[in-house]
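Examination of the molecular architecture
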Amino acid sequence: MTLLAGQILNGIATGMLYALMGLGLALIAGILNIPNFAHGALFAVGAYLTVSAIGATGNFWLALVVAPLGVALLGLAIEYAGIRRLYAAGHDYQLLFTFGLSLILAETIILIWGPVGISQLPPPVLRGGVDLGFTFYPKYRLFVMAAAGLLVVGTWLFLEKTRYGAIMRAGIENKEMVSLLGIDIHRLFTVAFALGAWLAGVAGALTAPIRGLSPGMGVDMLGIAFVVVALGGMGNVLGAIAAGLLIGVAQAVVAAYWTEASVAVIYLVMAAVLVVRPQGLFGIR
Amino acid sequence: MRNLAVLAMVVALPFFVRPALAAEIWIFAIFALGCNLLLGYTGLLSFGQSTFFGAAAYVAGWMLKHWGVNLFVALAAGTGVGAVSALAVGYLCVQRSGIYFIMLTFALNQLFYFVAYQWTSVTGGEDGMPGIPRPAMLGIDFSDPVAYYALVSLLFLASLAVMKRIVDAPLGRILQAIRENETRAEAVGYDVARFKLLAFVIAGAFSGAAGVLYATLFGIVPLEAIGFVFSGNVVFATLIGGSGSLYGPVIGSVVFIWLSESVSTVWARWPLLLGVAFVVVVLYFRGGVVEAWSRFLSWRSSRRAASPRPSAR
Amino acid sequence: MALLETRGLTKAFGALTAVDGVGLAIEAGSLHSVIGPNGAGKTTLFNLLTGTYAPDSGSIVLDGRDITGAPAHRVAHLGLARSFQRTNVFPAFSLLDNVWVAAFATGRSRRGLMWRPRGRYPQVEDRARAALADVGLADKAEQAARAISHGEQRQLELAIALAAAPRVLLLDEPAAGLSPEETRRMVELVRALKRRYTIVLIEHKIDIIMSVSDRVSVMNFGRLIAEGSPEEIRANPEVRRAYLGGMAA
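Remember, predicted model here, so these are calculated numbers, not experimental data. Once a new chain begins, its residue numbering starts again from 1 and follows that chain's sequence as written. All chains are assigned letters beginning with A, and all ligands numbers beginning with 1, in the order in which they are written. Totals for whole chains, interfaces and linings use all residues, but because this is a predicted model, local features are given only for residues with pLDDT of at least 70 and pairs of side-chain atoms are given and counted only at 80 or more.

Along the backbone of chain A there are 11 helices and two strands. Expected size for 285 residues packed as a compact globule is a radius of gyration near 19 Å; at 18 Å, chain A falls within 12% of this value. Principal-axis analysis of the C-alpha atoms gives chain A an extent of 55 × 45 × 35 Å. Any residue pair is listed as a contact if its two C-beta atoms, each placed from the backbone, are within 7 Å. If you take every contact in chain A between residues at least 6 apart in sequence, the share linking residues at least 24 apart comes to 77%. A helix here means a DSSP run of H or I that spans at least four residues, while a strand means a run of E at least two residues long, and both kinds are numbered starting from the N terminus. Radius of gyration: over C-alpha atoms. The globule rule applied is 2.2 Å multiplied by the number of residues raised to the 0.38 power.

Looking now at the interface of chain B and chain A. Each partner contributes to the interface: chain B provides 38 residues, whereas chain A provides 42 residues. If one sorts the elements of the side of chain B that touches chain A by residue count, helix α5 (residues 98-118) of chain B sits on top with 14 residues. For the side of chain B that touches chain A, the residue count by class is 28 nonpolar, six polar and four charged. Residues are sorted three ways: Asp, Glu, Lys and Arg are charged, Ala, Val, Leu, Ile, Met, Phe, Trp, Tyr, Cys and Pro are nonpolar, and all the rest, Gly among them, are polar.

Further remarks concern helix α1 (residues 42-49) of chain C. With C-beta atoms placed from the backbone, a residue is labelled by how many other C-beta atoms lie within 10 Å of its own: buried for 20 or more, exposed for 12 or fewer, partly exposed between the two. Taken across its eight residues, α1 of chain C has eight buried, putting it largely inside the fold. Those residues of α1 of chain C not exposed but buried are K42, T43, T44, L45, F46, N47, L48 and L49 of chain C.

All names here are of chain C. Relative to strand β2 (residues 16-27), strand β1 (residues 2-13) is paired through eight bridges, and the arrangement is antiparallel. Bridge pairing in β2 places F13 opposite L16. What sits between the antiparallel neighbours β1 and β2 is a turn of two residues, in which G14 has the positive phi angle 65°. What makes two strands pair is DSSP finding at least two bridges between them. Note: β1 against strand β4 (residues 57-62), five bridges, orientation antiparallel. Residue T10 lies in a different strand from β4, and its bridge partner there is S57.

Taken together, the 28 residues of chain C in the interface contact 24 residues of chain B. Broken down by element, the side of chain C that touches chain B gets its largest block of residues, five residues, from helix α3 (residues 95-105) of chain C. By residue class, the composition of the side of chain C that touches chain B is 17 nonpolar, seven polar and four charged.

Next up on the list: the sheet that holds strand β10 (residues 223-228) of chain C. All names here are of chain C. Overall, mixed pairing links the six strands, which are arranged β6-β7-β8-β3-β9-β10 in an open sheet. Looking along the sheet, the strands with just one partner apiece sit at the ends: β6 (80-83) and β10. Recorded for the sheet is a direction-independent mean angle of 20° between the axes of neighbouring strands. Of the pairings in the sheet, the one linking strand β3 (residues 31-35) to strand β9 (residues 215-220) comprises four bridges and is parallel in character. Residue pairing across strands places H32 opposite R215, the latter belonging to β9. Simply put, an axis is a line fit to the C-alpha atoms, just over the touching stretch for a helix, and the angle between two N-to-C directions goes from 0 to 180 degrees. Across the sheet, α1 lies against β3, β6, β7 (168-172), β8 (198-202) and β9, angled at about 150° from β7, the strand it touches most.

Turning our attention to the confidence of the model for chain B. Counting all residues, the mean pLDDT for chain B is 88, and 93% of those residues have values of 70 or more. Under the prediction, the complex receives an ipTM of 0.91, its pTM being 0.88. What pLDDT reports is the predictor's confidence in each residue, on a scale of 0 through 100.

Looking now at helix α5 (residues 150-163) of chain C. Residue and element names in this part refer to chain C. Expected helix span is taken as 1.5 Å per residue step, with the number of steps being one fewer than the number of residues. Taking 1.5 Å of rise per residue, the 14 residues of α5 would be expected to cover 20 Å, and the 20 Å separating its terminal C-alpha atoms lies within 8% of that figure. The element α5 is extensively covered by neighbouring structure, given that 11 of its 14 residues are classed as buried. Of the residues making up α5, those classed as buried are Q153, R154, Q155, L156, E157, L158, A159, I160, A161, L162 and A163. Tucked into the core, α5 has its buried residues touching β6, α3, α4 (122-135), β7 and α6 (180-194). Count one or two residues on from α5 and you reach A165, which has phi positive near 45°.

Attention shifts here to the packing of helix α1 (residues 2-32) of chain A against helix α9 (residues 217-232) of chain A. All names here are of chain A. Taken N-terminus to C-terminus, the directions of α1 and α9 make an angle of 70°; their axes are 8 Å apart at the nearest point. Here α9 runs roughly perpendicular to α1, going by the angle between their axes. Along its contact with α1, which presents Y18, A19, M21, G22, L25, A26 and A29, the element α9 presents M221, I224, A225, V228, V229 and G232. In these notes the angle categories are as follows: under 35 degrees is roughly parallel, over 145 is roughly antiparallel, 65 to 115 is roughly perpendicular, and the rest is oblique.

Grouped together as the largest cluster of nonpolar side chains are 303 residues, with contacts concentrated most on L20, M21 and V228 of chain A together with V99 of chain C. Note that domain bounds follow an automatic or database assignment of domains. Among the domains, domain 1 (1-79 + 168-178 + 198-249) and domain 2 (88-165) of chain C are the pair contributing at least three residues each to this core. When residues no more than four places from it in sequence are discounted, the contact partners of L20 of chain A are A148, L151, V152, L199, V202 and A203 of chain A. By convention the nonpolar core is taken to be a set of buried residues drawn from Ala, Val, Leu, Ile, Met, Phe, Trp, Tyr and Cys and joined through C-beta atoms within 7 Å.

A word on the packing of α9 of chain A against α5 of chain B. Packed helices, taken two at a time, are described by their axes: the angle between them and the distance between them. Interaxial distance between α9 of chain A and α5 of chain B falls to 9 Å at its minimum, and their mutual angle equals 125°. The angle between the axes of α9 of chain A and α5 of chain B places the two elements in the oblique class. Crossing handedness for the pair α9 of chain A and α5 of chain B: left-handed. Facing G223, F226, V227, V229 and A230 of chain A of α9 of chain A, the residues of α5 of chain B in contact are M103, L104, F106, A107 and Q110 of chain B. Across the contact of α9 of chain A with α5 of chain B, the residue classes break down as eight nonpolar, two polar and no charged. Crossing handedness is defined as follows: a turn of the near helix away from the far one that is anticlockwise and smaller than a right angle gives a left-handed crossing, while the clockwise case is right-handed.

Residue and element names in this part refer to chain C. Although it is not a glycine, A165 sits at a positive phi angle of roughly 45°. Locating A165 in the fold gives a position in the loop between α5 and β7. A positive phi angle, near 45°, is found at E173, a position not held by glycine. Inspection of the secondary structure assignment puts E173 in the loop between β7 and α6.

Residues and elements named next belong to chain C. Pairing is antiparallel in the open sheet, where four strands are placed in the order β2-β1-β4-β5. Single-partner strands in this sheet number two, and they are β2 and β5 (65-66). Where β4 and β5 come together, two bridges link them in antiparallel fashion. Its bridge partner being in β5, L62 is matched across the sheet by R65. In this fold α1 packs onto β1, β2 and β4, with an angle of close to 65° to the strand it touches most, β2.

Set out below in structure tokens:
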């Protein structure tokens, strides 16, 4: 049973990361109404930038702040140089653009950091484990749970309790109304994309010491982000959080008994839920 | 007239490029024909067509390798696998629309990808499924590249004829009506979800056939054949050729495969150029070369009232 | 006997009850108008009749058969065809294709759906051309729908509904956005259709209502507030109150 308990904790940690990814994607998809196929690549860039930042400064905490900001800046650049011109273009072109971007980013990662996987140790203070009574658990994962959890809650608070957050939520519901109310809809789009990119970057930064890095990590995470959004209901913040945790835990539990199926099970759960409830667990019909 | 042009291309191509590359072009064209029924005609952007392509390739490859079936049995099986897997995926996806639909097709593609990745005993995982034979039939030895090319091009021409039949029939118009105005299509009496599913299954069948031919062309089913890059490639080829017309995907396949094969042998980081090409085409040529090309194509097919797909929406 | 009846039809969207216990009886062969201020629930009523929304309660009966809850794509087959308030055609298609697609949908059989060339459906084509001729667009059959004028698009809108050879026509503001001359022609068109179809008409322009209707029902805030002949309705003080400041001459 300690194995199971440990796995559940693992699942919560990764689930929080999945929730961050799902949140970012849901914001972009909901507000900008574009399919962001570069979202996974932004996650990967966040991870790799973190590793380089740690290498350059020796300071994990600094890297944790700087790398996601770098990804947010990248997001701003992408929105400014490309996405901005495609809002009226139709989903197929938006898809091709973001898909092309994901290829460029993934290949650039290989060019800079090489095709082989990299591993990254947690900062010294977070190495080793903690005795939780029923199991001895890695400190770093507890940190991820806490940090990601705080960010998730923080994002939720931002969206639910602040004025600009309300504007963003309104933008998901009804863009025309928001612009009719005199709010600069283009600024909203830019902020939303940068925020989504930042969330992906943070998830990437936190993930580096848990799973190691590889150039393909972006694609895997992209699929998971989609599943979170599909299960959580588009534009539903709490739904994305709950869905992320759900599949994180489901994956971790399955991994304890049947490792090979642990990734596929995420998609199977999604497929099963959608058969019964096409709008996702929390979506409205 | 157009048909003659295609026939001429099919006959002439192996004189310009090696037969294996020419075969790959027509195989991809079959794949793109299916993709276009969804994308150009029905207005459904499926970003997971490699699901059906790859699944068919693996099943047919297995049958050819372990059960020694002949090519036509393999082809029939692959087409069937493509259609059935499309039925399952389509059933889940057609209930949603817009971005949601696109994301679902991708996510389900990932499901199949990961199953293929993990099920190494059957698919070979990352290494793919090698050793797929090209059994001789009717006394013809298909290991000869030219003989195989002849077979592939015949099958391509047959696929083109079938697709032409379908889009010239009422179904072609109905799918376009769904693309043009889904609400009205439903109001005049079409069960839109069922028709979308039908389009999905037909596209899946075409993808499956292409998958089988791909497997026997290269003698191996690589994991990429069921991956998302493949799914993106066929969308790209369909779009640069001009979606919404029957022959656009054919042109797009010629251009895309020729270019990608040429560059990929030169640089391992070829996907970087591919990504740049996607970005550049979308940003700068969407209203230029692409639209001009598709307008040219649709002018050619305007007699048949095959309406061009509005490019900017 | 009424060809089309609704009983206690109700539909609410959250706190807003758009249609509240509406009971209508449409006599076969008549032209029955539904009027009311903006937001009265008229289009929602149509959406309920055509299966776009399912009612929360109440029933819809067509020729004695309960068709409540029939989905939108079945309704055309049951004999109800609708034209939309905002032009809702297939823009890239020719006019002929617009009506052809509608005629094929409710045709006798769909044999050859995937393999018979479209040119080989003489009955469908006849019905389609007849629908175009009915609205006076026969000579423009080959033009693209997005290339014709707004007035002609409203005619096409009507033709698509006619192509289904329905028993009941639901016309939602067919004269919306038309010039006075175009409106006059639309009224003639509707009058010509009166003898052949049972028509339910939503309109804002009072003179149209008065000149073509056999019967008029008035809605306000989702409820039926009056019903009678056009003259009775014109004289009804409640109706005047409901329309205060909102009547289009």
